[in-house]
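Architecture and fold: a report
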Amino acid sequence: MPELFPKVNVPQKPVVPKFVADFYESIKDAFEYKVYDLCLQFNSDNGELSSELDEWFECEKNEPIQTLVKMKLYGYKVEQEKLHTVEIPDPHGMYKIRYLFRNSVGNIRIGGTDYSDIFSTTETHLTEAEIKQDFEWAWQWAKEVE
């Protein structure tokens, strides 16, 4: 039996890093003008983009202009950052485990415990940026959360 309705190719929302989503949100109200302005910036030496955003635009596989247009037309999803736990070696400390965690006001701190299930709590699941902001030296002990 022939199909009455052919399958329609539904466009997918692009998945982008948070910094791209933040940039899009800053230009979306004047999208046409801002994209045009962006093109002008790339043709001049006085571009004002952050280095992270500039690198994203320079990578052809990102299809940056197409991606921005798709974001405008279909919406977008923000890429989920990988989360990590950090157990800091402290063989002579008073606790079995030293670790990094996010406290109740959002600051990253060093904690100590004797309970091995501490890494099952979301307070110990941190992004690379959170860890490196004040504890770059501890990054060497980071393990990706599965």
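Located above this text is the structure these notes cover.
Owing to the predicted nature of the structure, the values given are computational and were not obtained by experimental measurement.

1. Regarding the nonpolar core
Ranked by internal contacts, the top residues of the largest apolar core, which has 14 residues, are V20, F23, F31, L53, F57, L68 and M71. Looking at this core element by element, the count peaks at five residues for helix α1 (residues 18–27). When neighbours within four sequence positions are excluded, M71 is seen to be in contact with P14, V16, V20, A21, Y24 and Y76. V86, I108, I131 and A138 belong to the second largest nonpolar core, which has eight residues in total.

2. A look at the pairing of strand β3 (residues 83–88)
Pairing geometry for β3 and strand β6 (residues 126–127), over two bridges, is antiparallel. Pairing of H84 across the sheet is with L126, part of β6. Across three bridges, the pairing between β3 and strand β7 (residues 142–144) is antiparallel. In the sheet register, H84 faces β7, and the bridge partner there is E144. In terms of strand pairing, β3 meets strand β4 (residues 97–102) through two bridges, oriented antiparallel.

3. Things to note about the packing of aromatic side chains
By the definition in use, this model includes eight aromatic pairs. Centre to centre, the rings of W137 and W141 are 6.2 Å apart; their planes meet at 75°, and the pair counts as edge-to-face. W137 sits in the partly exposed class, given a relative accessible area of 44%. Through successive ring pairs, a cluster of aromatic residues spans F23, W56 and F57.

4. Regarding the side chain of T127
Take T127: it is sitting in strand β6. Contact partners of T127, with chain neighbours within four places excluded, come to E81, K82, L83 and H84.

5. Here we look at unusual backbone geometry
Positive phi, normally seen in glycine, also occurs at E63, with a value near 45°. Its location among the elements puts E63 in the loop between α3 (51–58) and α4 (64–74).

6. Here's the deal with the pattern of salt bridges
Side-chain pairs of opposite charge can arise where the charged atoms are in close proximity. By the definition in use, this model includes five salt bridges. R98 serves as the salt-bridge partner of D90, at 3.1 Å between the closest nitrogen and oxygen. D90 gets classed as partly exposed once you look at its relative accessible area, which sits at 29%. Salt-bridge contacts for K132 lead to E128; the nearest nitrogen and oxygen are separated by 2.7 Å. One end of the pair is K132 and the other is E128, both in helix α5 (residues 128–135) and four residues apart, which spans about a single turn.

7. Looking at a nonpolar patch on the surface
On the surface, a cluster of nonpolar side chains totalling about 340 Å² of accessible area is made up of I65, V69, L73 and Y74. Relative to the assigned elements, L73 resides in helix α4. You can call L73 exposed: its relative accessible area is 57%.

8. What to know about the environment of Y99
Relative to the assigned elements, Y99 resides in strand β4. For Y99, the residues in contact, after removing those within four places along its chain, are V86, E87, I88, R109, I110, G111, G112, T113, I118, F119 and T124.

9. What to know about α3
Along an α-helix, residues three or four positions apart point the same way, because every turn accommodates 3.6 residues. Every buried residue of α3 is listed here: L53, W56 and F57. An end-on view of α3 places all buried positions within 100° of arc, on one side of the element. Of the residues in α3, the exposed ones pointing more than 90 degrees away from the buried face are S51, E55 and E58.

Rules of the game
Residues numbered from 1 in each chain as written. Predicted model: local features only at pLDDT ≥ 70, side-chain atom pairs only at ≥ 80, totals over all residues. Heavy atoms only, no water. Core = buried A, V, L, I, M, F, W, Y, C linked by side-chain atoms within 4.5 Å. Buried < 20%, exposed > 50% of the residue type's maximum accessible area, 1.4 Å probe, protein only. Helix = DSSP H or I, 4+ residues; strand = E, 2+ residues; numbered from the N terminus. Contact = heavy atoms within 4.5 Å. Pairing = 2+ DSSP bridges. Phe/Tyr/Trp six-rings, centres within 6.5 Å; stacked < 30°, edge-to-face > 60°. Salt bridge = Lys/Arg side-chain N within 4 Å of Asp/Glu carboxyl O. Patch = residues over 30% accessible without salt bridge, like charges linked within 9 Å, V, L, I, M, F, W, Y side chains within 5 Å. Areas by Shrake-Rupley, 256 points an atom, 1.4 Å probe, with all protein chains shown as cover. Arc of directions from axis to C-beta.

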